[in-house]
Amino acid sequence: MTDEPDGQTPATPYHPEEMRATWDMKVGKSITLHGSARWTPAGVVTAGIAASAVLLSIAALVRATRRS
């Protein structure tokens, strides 16, 4: 839970090294998409560890199916 009221962002980011991106995209006359992303170096490291674990388990499954 945060201390800020709903709809307000803090004056300073939670992580000083966080990176943000926002984008707007229009498709035709009636469709408008808005998006944003936020990431920190700790999140990148965590995603890398998770991806490595998934790939390692897939490699083990492939090796096990080739032996049988």
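Here is what the cut-offs are and how they apply
Residues numbered from 1 in each chain as written. Predicted model: local features only at pLDDT ≥ 70, side-chain atom pairs only at ≥ 80, totals over all residues. Heavy atoms only, no water. Helix = DSSP H or I, 4+ residues; strand = E, 2+ residues; numbered from the N terminus. Buried < 20%, exposed > 50% of the residue type's maximum accessible area, 1.4 Å probe, protein only. Contact = heavy atoms within 4.5 Å. Areas by Shrake-Rupley, 256 points an atom, 1.4 Å probe, with all protein chains shown as cover. Patch = residues over 30% accessible without salt bridge, like charges linked within 9 Å, V, L, I, M, F, W, Y side chains within 5 Å. Salt bridge = Lys/Arg side-chain N within 4 Å of Asp/Glu carboxyl O. Pairing = 2+ DSSP bridges. pLDDT = per-residue confidence, 0-100.

Draft legend 1. Up close: the overall build of the chain. A tally of regular secondary structure across the chain gives one helix and two strands. Burial statistics for the chain: of 68 residues in total, 4% are counted as buried. For the chain, restricting intrachain contacts to residue pairs at least 6 apart in sequence, the fraction spanning at least 24 positions comes to 6%. When the accessible area of the chain is evaluated, it comes to approximately 6400 Å², of which 62% is carbon and sulfur surface.

Draft legend 2. Molecular detail of a nonpolar patch on the surface. Among the surface-exposed residues, Met-25, Val-27, Ile-31 and Leu-33 lie close enough to one another that they form a single nonpolar patch of about 330 Å² accessible area. Those elements giving two or more residues to the nonpolar patch turn out to be β1 (19-27) and β2 (31-39). Along the chain, Leu-33 turns up in strand β2.

Draft legend 3. View of the pattern of salt bridges. Summed over all chains, the structure comprises two salt bridges. Here Glu-18 ties to Arg-20 by a salt bridge, and the two come within 3.1 Å at their closest N and O atoms. Residue Glu-18 is classed as buried on the basis of its relative accessible area of 12%. Accessibility expressed as a relative area gives 58% for Arg-20, which makes it exposed. The residue Glu-18 makes a salt bridge to Arg-38 at a minimum N-O spacing of 2.6 Å. Remark: Arg-38 occurs in strand β2 and Glu-18 occurs in the segment before β1; sequence separation between them is 20 residues.

Draft legend 4. Spatial organisation of the pairing of β2. Two elements, β1 and β2, share nine bridges in a ladder whose sense is antiparallel. If you follow Trp-23 over to β2, its bridge partner there is Gly-35. Between the end of β1 and the start of β2, which pair antiparallel, lie three residues, with Gly-28 showing a positive phi angle near 70 degrees.

Draft legend 5. Representation of the confidence of the model for the chain in the model. Residue-level pLDDT values for the chain average 84, and 78% of them are 70 or greater. When pLDDT is averaged over each element of the chain, helix α1 (residues 41-67) comes out on top at 94 and β1 at the bottom at 91.

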